[in-house]
Amino acid sequence: MENKKSMPKLKRSMTAGQMEMISLGGAIGVGLFMGSTSTIKWTGPSVLLAYMFVGLILYIVMRALGEMLYVNPGTGSFADYATEYLKFWWPKVNVFWSGIIIILFLVLANLASAKAYASLEFWFAMIKVVTIILMIILGFIVIFFGVGNGGKPTGFSNLWSHGGFFTGGVKGFFFSMSIIVGSYEGIELLGISAGEVANPKKAIVKSVKSVLWRILIFYVGAIFVIVTIYPWNELSNIGSPFVTTFAKVGITAAASIINFVVLTAALSGANSGIYSSSRMLFKLAHDGDAPKTFGHISKRIVPNHAILGISGGILIGFIINMIAATINKSTQDLFVVVFSSSVLPGMIPWFVILLAELKFRRNNQDLLVNHPFKLPLYPISNYFAFLMLIVIVIFMLINPETRVSVLVGAAVLLIATIVYLFRHKKDGVNNGE
């Protein structure tokens, strides 16, 4: 097996600001724009507390990651321890070819350089952030001044006037967390981009501190506006609450604006997915856990073979989705099923981070004497977050709308684990162990 020390270094061409926006953009995706209606349906206005609760888990995970990255800011450190929206403007565009064009565009951006990827992701994230800020501002104008509501302020009564605050009880409250966790997943991109950012220690501390609070403000702020302006049990009848809120205050191009934002959110998700997955594949190749070819670096100092491999997987998935949509039109509407199927696999980095930090503390006590960014309430915080993630998975199994998704995710993880164990057992035999 190739020694980890021989792994070539990637170029530190990202700025701290780009790293921050990549982390922020990775966690603000289509889950907020398209998944908010489902979370509100399950638990009503108490979805606000659900977002805060999962935010607490996220805080623990990111502080644990930040503690380790501060000491070892390398690529893949934590591993150690859309097309339908183009159709909105151009309905005659062939879906297949528009999807191919998008994939090629993202591949070229990732192959160019880490800096090119970071610049693209920076603007994708900026578009989402600006839209959410505008949504919150416009929402408060409706709530306090009644603009777009006949001059009558909506006030806050919708938070409790339609069946109470906890309309779905404890069960519904935990049901909503499956989508919320999926919405937050991606923030750990900070751990992967750490290997390609200048002055990483300073950037890591700044990014972890600021990104967490910004995400909570954006998510909780946007959801607060939605459940305050509109009765939670009528959201399914108004279409997108983001579109409706913009339209309320007289922005007639609301549908086009939000459609553009959802498109960039999808592009951002695919873009960050290619980046993070290719870096992970690159590192696995150098650890002997993936074909060696994926460890190749181009003249532009990017893992080009890994990027092409991951992009090829996305292309296959896109083709399969096209075939499935042709056979069964209803598959295009199964957002909850498709989105929640990624939640359990997406939790794995969080589980790994929490467990790795426990061992990191035990093995590096000397490094932690003057460490400025330690995880608070260790190890209780680790165990609490770990337990709550397991509870969320259990409720995903209880919920009939997410049960199949979590079982599919579990099956994928099981197969991957068996392949890993078989491969390493074979390596052990070959090495005479």
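Position numbers for residues start from 1 in each chain and track the written sequence from start to end. In keeping with the model being predicted, local features are shown solely for residues with a pLDDT of at least 70 and side-chain atom pairs are shown and tallied solely at 80 or more, while totals for entire chains, interfaces and linings include all residues. Where side-chain values are given, they derive from all heavy atoms of the structure, hydrogens and water being excluded.

Caption draft 1: Region of interest: the overall build of the protein chain. Each helix is a run of H or I in the DSSP string that is no shorter than four residues. Each strand is a run of E no shorter than two, and both are numbered from the N terminus. What the protein chain contains, in helices and strands, is 17 helices and zero strands. Partly exposed residues are those whose accessible area sits between 20% and 50% of the maximum for their type, while under 20% is buried and over 50% is exposed, using a 1.4 Å probe and protein chains only. By residue count, 52% of the 433 residues in the protein chain fall in the buried class. Only the protein chains shown count as cover for residues, and all accessible areas are computed by the Shrake-Rupley method using a 1.4 Å probe. Split by element, the accessible area of the protein chain, about 19600 Å² in all, is 68% carbon and sulfur.

Caption draft 2: Looking closely at helix H16 (residues 380-398). The terminal C-alpha atoms of H16 lie 27 Å apart, and with 19 residues this matches the ideal 27 Å at 1.5 Å per residue to within 8%. The complete set of buried residues in H16 reads Ser381, Asn382, Ala385, Met388, Leu389, Val391, Ile392, Val393, Phe395 and Met396. In a helix, the anticipated span is given by 1.5 Å times the number of residues less one.

Caption draft 3: Summary view of a nonpolar patch on the surface. Every patch collects residues that have over 30% relative accessible area and no salt bridge, joining them within 9 Å if they carry like charges and within 5 Å if they are nonpolar side chains (Val, Leu, Ile, Met, Phe, Trp, Tyr). What counts as a salt bridge is simple: a side-chain nitrogen of Lys or Arg found within 4 Å of a carboxyl oxygen of Asp or Glu. Taken together, the side chains of Phe144, Phe145, Val147, Phe156 and Trp160 make up a nonpolar region of the molecular surface, amounting to roughly 540 Å² of accessible area. Since its relative accessible area comes to 45%, Phe144 is described here as partly exposed.

Caption draft 4: Representation of unusual backbone geometry. With an omega of -5°, the peptide bond between Tyr378 and Pro379 qualifies as cis. For Leu377, which is not a glycine, the phi torsion comes out positive at approximately 55°. Here Leu377 is to be found in the loop between helix H15 (343-363) and H16. With a relative accessible area of 68%, Leu377 lands in the exposed category.

Caption draft 5: Summary view of the packing of aromatic side chains. Aromatic pairing here means that ring centres of Phe, Tyr or Trp (its six-membered ring) are within 6.5 Å. Orientation follows from the plane angle: under 30 degrees is stacked, over 60 is edge-to-face, and everything else is tilted. Scanning the entire structure with this criterion turns up 13 aromatic pairs. Aromatic pair Phe53 and Phe384: ring centres 6.1 Å apart, planes at 75°, arrangement edge-to-face. Counting every residue linked through ring pairs, the aromatic cluster contains Trp42, Phe165, Phe166, Phe173, Phe174, Phe175 and Phe395. Placement of a charge over a ring requires the Lys NZ or Arg CZ to be within 6 Å of the ring centre, with the centre-to-atom vector within 35 degrees of the ring normal. Residue placement shows Arg361 over the ring face of Tyr378; its charged tip is 4.3 Å from the ring centre.

Caption draft 6: Spatial organisation of helix H7 (residues 169-184). With 16 residues, H7 extends 23 Å between its outermost C-alpha atoms, agreeing within 8% with the 22 Å of an ideal straight helix rising 1.5 Å per residue. We define the bend at any residue as the angle between the axes fitted to the seven residues before and including it, ending there, and the seven starting there. For H7, the principal kink sits at Ser178 and spans about 30°. Across the 16 residues of H7, 13 count as buried, placing the element largely inside the fold.

Caption draft 7: Highlighting the pattern of salt bridges. One pass over the full model with this rule turns up three salt bridges. Salt bridges sharing partners connect three or more residues here, namely Glu67, Glu357 and Arg361.

Caption draft 8: Looking closely at the confidence of the model for the protein chain. Confidence of the prediction at every residue is given by pLDDT, a number between 0 and 100. Residues of the protein chain with pLDDT of at least 70 account for 72%, and the chain-wide mean is 75. Looking at the elements of the protein chain, mean pLDDT is at its lowest for helix H4 (residues 77-80), recorded as 44, and at its highest for H16, recorded as 93. Note that residues 1-5 has pLDDT below 50 and, in this model, eight contacts with residues that lie over four places away or in other chains. Any two residues whose heavy atoms approach within 4.5 Å at even a single point are treated as in contact. A low-confidence stretch, residues 75-85 stays under pLDDT 50, and its non-local contacts, those more than four residues away or across chains, total 41 contacts.

Caption draft 9: A look at the nonpolar core. Think of a nonpolar core as a cluster: buried Ala, Val, Leu, Ile, Met, Phe, Trp, Tyr and Cys residues, connected wherever their side-chain atoms sit within 4.5 Å. If you look at the biggest cluster of nonpolar residues, it comprises 77 residues, and the most contacted ones within it are Tyr51, Ile57, Tyr184, Ile226, Met347 and Trp350. Residues in contact with Ile226, not counting those within four places in the same chain, are Ser36, Ile40, Met135, Leu235, Pro241 and Phe242.

Caption draft 10: Representation of the environment of Phe282 in the model. Within the secondary structure, Phe282 sits in helix H12 (residues 254-286). Sequence separation between Phe282 and Lys292 is ten residues; the distance between their C-alpha atoms is 8.6 Å.

Caption draft 11: Structural detail: the packing of helix H3 (residues 47-71) against H15. Relative orientation of the contacting elements H3 and H15 amounts to 50°, with a least axis distance of 9 Å. Taken together, the axis directions place H3 and H15 in an arrangement best described as oblique. By crossing handedness, the relation of H3 to H15 is classed as left-handed. Along the contact surface, H3 presents Ile57, Leu58, Ile60, Val61, Ala64, Leu65, Glu67, Met68 and Val71, while H15 presents Trp350, Ile353, Leu354, Ala356, Glu357, Phe360 and Arg361. Basically, the charged four are Asp, Glu, Lys and Arg, the nonpolar ten are Ala, Val, Leu, Ile, Met, Phe, Trp, Tyr, Cys and Pro, and anything else, Gly included, counts as polar. The class makeup of the residues in the contact of H3 with H15 is 13 nonpolar, no polar and three charged. In this description, a line fitted to the C-alpha atoms serves as the axis of each element, helices being fitted only across the stretch in contact, and the angle between N-to-C directions of two axes falls anywhere from 0 to 180 degrees. Here the word oblique covers every angle except those under 35 degrees (roughly parallel), over 145 (roughly antiparallel) and from 65 to 115 (roughly perpendicular). Left-handed describes a crossing whose near helix is turned anticlockwise from the far helix by less than a right angle; the clockwise case is right-handed.

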